[in-house]
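Chain and residue survey
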Amino acid sequence: MLLGKVIGTVVASQKDTKLEGLKFQVLQILDIAGKPSETYVVAIDAVGAGVGEVVMYAAGSSARQTGATHNTPCDAVIMAIVDAWTLEGKTVYNKSEEG
Amino acid sequence: MLLGKVIGTVVASQKDTKLEGLKFQVLQILDIAGKPSETYVVAIDAVGAGVGEVVMYAAGSSARQTGATHNTPCDAVIMAIVDAWTLEGKTVYNKSEEG
Amino acid sequence: MLLGKVIGTVVASQKDTKLEGLKFQVLQILDIAGKPSETYVVAIDAVGAGVGEVVMYAAGSSARQTGATHNTPCDAVIMAIVDAWTLEGKTVYNKSEEG
Amino acid sequence: MLLGKVIGTVVASQKDTKLEGLKFQVLQILDIAGKPSETYVVAIDAVGAGVGEVVMYAAGSSARQTGATHNTPCDAVIMAIVDAWTLEGKTVYNKSEEG
Amino acid sequence: MLLGKVIGTVVASQKDTKLEGLKFQVLQILDIAGKPSETYVVAIDAVGAGVGEVVMYAAGSSARQTGATHNTPCDAVIMAIVDAWTLEGKTVYNKSEEG
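The following refers to the structure shown.

About the thresholds
Residues numbered from 1 in each chain as written. Chains lettered and ligands numbered in written order. Predicted model: local features only at pLDDT ≥ 70, side-chain atom pairs only at ≥ 80, totals over all residues. Heavy atoms only, no water. Helix = DSSP H or I, 4+ residues; strand = E, 2+ residues; numbered from the N terminus. Rg over C-alpha atoms; globule rule 2.2 N^0.38 Å. Buried < 20%, exposed > 50% of the residue type's maximum accessible area, 1.4 Å probe, protein only. Contact = heavy atoms within 4.5 Å. Buried area = accessible area lost by both parts, 1.4 Å probe. Salt bridge = Lys/Arg side-chain N within 4 Å of Asp/Glu carboxyl O. Polar contact = N/O pair within 3.5 Å; in protein donor to acceptor, adjacent residues only side chain to side chain. Nonpolar A, V, L, I, M, F, W, Y, C, P; charged D, E, K, R; others polar. Pairing = 2+ DSSP bridges. Least-squares fit on C-alpha atoms with pLDDT ≥ 70 in both. Core = buried A, V, L, I, M, F, W, Y, C linked by side-chain atoms within 4.5 Å.

Each helix and strand counted, chain A has zero helices and eight strands in total. Each helix and strand of chain A, placed in order from N terminus to C terminus, yields the pattern β-β-β-β-β-β-β-β. Its C-alpha atoms give chain A a radius of gyration of 14 Å, near enough to 13 Å, the size a compact globule of 99 residues would have. Referenced to the eigenvectors of the C-alpha coordinate spread, the extents of chain A come out at roughly 45 × 25 × 25 Å. Every one of the 99 residues in chain A was classed for burial, and the buried ones make up 58%.

Spelled out as structure tokens, the structure:
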């Protein structure tokens, strides 16, 4: 999995029927230092994440292993909202300390 | 998923029999700012997208999860036509505002 | 899928038994302008492609969705021979015009 | 598989229900010389690895082939703790020689 | 598939139980000219390859399609030992001509 920040949404009314009702979130992928990179992914939200939150997403066939995404043409799913991220004893991100 | 713009087509008469009747669209992949990148993918169209439209595609095994692509040797499928794409409150793309 | 040009072959007598009789083609991957890139892939040929032809290949589990490659340890398959490739109204490649 | 060093953890209380009880480790991916690269992956730990250890991880659908990760939305799993890593007769890493 | 040269091994006594008895080989991935690149992959050996040999490996779920790797958390498998590799009529590699 990689970590990303929810920075936006995609609206698509004309889509595969299995995708009805699902929410497409745009994630800016974070680098190893927790800084936003220039890369993104559009992921289906399986955990109720909101814009501004740091999340974890799974890609590939594993993206279809949530109740929301089972058997859908989805290759990226938000499967967790990050509370804290620690590297070598230092806190890179702590949700409760964010404004 | 990633976002792409339909910029062309590939015609292939000699192909795996399961691919008969499917349409191959060339997508120019868009970067996080909505600008066309130098990378592309050829995707099978499951939603009736036309040249010039901004679409979303799924890759890998998830590309076989549409009615059109089930059990086919296809690793990229257009599964949605994008109406709008919003980042941090700003509209990056809005189909109804395009010429 | 991506587009590639068949530029060579790999011969391997000692291989997984499921791969007996299959042909390994070396593809030079083409960029968005139809120019050969520095990247390659070795793909199993499911459509009878020859050296010099422009083809389309599928990667990952989708590479096992042809009759030739079903259940084999193959992650790339040539599933179509390209007749023509058109971008924004211009022909990037047309097989019948090649020498 | 690639090799990585466990350098941290991710805590996520709000996650897909199938992921309850699993541990998310942050791996810094090692390059061919055994040096830490700038890339990372968050992997579920299936073997009891600790911070500072060099491990091997599997990505994609293969990440779901451990008892811990079966049928979960997980695309990276630590499936081995590395004892030794030898290249061209030279030891790149030997766990027993580490401090 | 890509081509690689076996340059080493990884020993891991603490691993997922399905991986008992399997051999982890380190492959240096070869570029289109047959030169070693700076990238590597650790692959399970399904064909009895030795250090110094040029091999072909399959990645992703296809890596589980050999008898040795079926249902294991393995995302890369050596599925062929290369005898010869020819590009545009020129021999890039021929095992019988190697020292």
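Residue-level contacts link 27 residues of chain A with 31 residues of chain D. A combined buried area of about 2,300 Å² lies between chain A and chain D, and 54% of that area is made up of carbon and sulfur atoms. Sorting the residues of chain A by area buried against chain D places A:Met1, A:Ile32 and A:Gln65 first, and these three jointly supply 32% of that buried surface. Connecting chain A to chain D are zero salt bridges. Applying the counting rule to chain A against chain D returns 17 residue pairs in polar contact (both at pLDDT 80 or more). Breaking the side of chain A that touches chain D down by element, the ones donating at least two residues are strand 1 (2-11), strand 5 (54-59), strand 6 (76-81) and strand 7 (84-87) of chain A. Of the residues belonging to the side of chain A that touches chain D, the class tally is 17 nonpolar, seven polar and three charged. As paired strands, strand 7 of chain A and strand 1 (residues 2-11) of chain D are joined by four bridges and run antiparallel to one another. Directly across from A:Thr86, in strand 1 of chain D, lies its bridge partner D:Thr9.

Take C:Thr69: it is sitting in the loop between strand 5 (54-59) and strand 6 (76-81). When neighbours within four sequence positions are excluded, C:Thr69 is seen to be in contact with C:Ile44, C:Ala63, C:Arg64, C:Cys74 and C:Val77.

The next subject is the arrangement of the chains. The two units chain A and chain C never meet; even their closest C-alpha atoms stay 10 Å apart. Of all C-alpha pairs spanning chain B and chain E, none lies closer than 10 Å, and the two are not in contact.

Bringing the relation of the copies chain A and chain B into the picture now. Note on the copies: chain A fits chain B at an RMSD of 0.0 Å, the axial shift is 0.0 Å, and the rotation between them is 72°. Seen this way, the second copy is the image of the first under a five-fold rotation axis. Interface overlap between copies: only 3% of the residues of chain A at the interface are likewise at the interface in chain B, consistent with a contact formed by different surfaces.

Moving on, we come to the nonpolar core. Where a protein is soluble and globular, its nonpolar side chains tend to be buried together. If you look at the biggest cluster of nonpolar residues, it comprises 130 residues, and the most contacted ones within it are A:Met56, B:Met56, C:Met56, D:Met56 and E:Met56. The residues touching C:Met56, leaving out its near neighbours within four places in the chain, are B:Val10, B:Phe24, B:Val42, C:Met1, C:Leu2, C:Leu3, C:Val77, C:Ile78, C:Met79, C:Ala80 and C:Val82.

Moving on, we come to the interface of chain A and chain B. Taken together, the contacts link 31 residues of chain A with 27 residues of chain B. With both sides pooled, the region where chain A packs onto chain B buries about 2,300 Å², and carbon together with sulfur makes up 54% of that total. When the buried area of chain A at its contact with chain B is split by residue, A:Gln14, A:Tyr40 and A:Asp75 rank highest and sum to 28% of it. Seen at the junction of chain A and chain B, the total is zero salt bridges. There are 17 residue pairs in polar contact (both at pLDDT 80 or more) connecting chain A and chain B. Taken together, the elements giving at least two residues each to the side of chain A that touches chain B come down to strand 1, strand 2 (14-15), strand 3 (24-30) and strand 4 (36-45) of chain A. Counting residues per element, the side of chain A that touches chain B draws most heavily on strand 4 of chain A, at seven residues.

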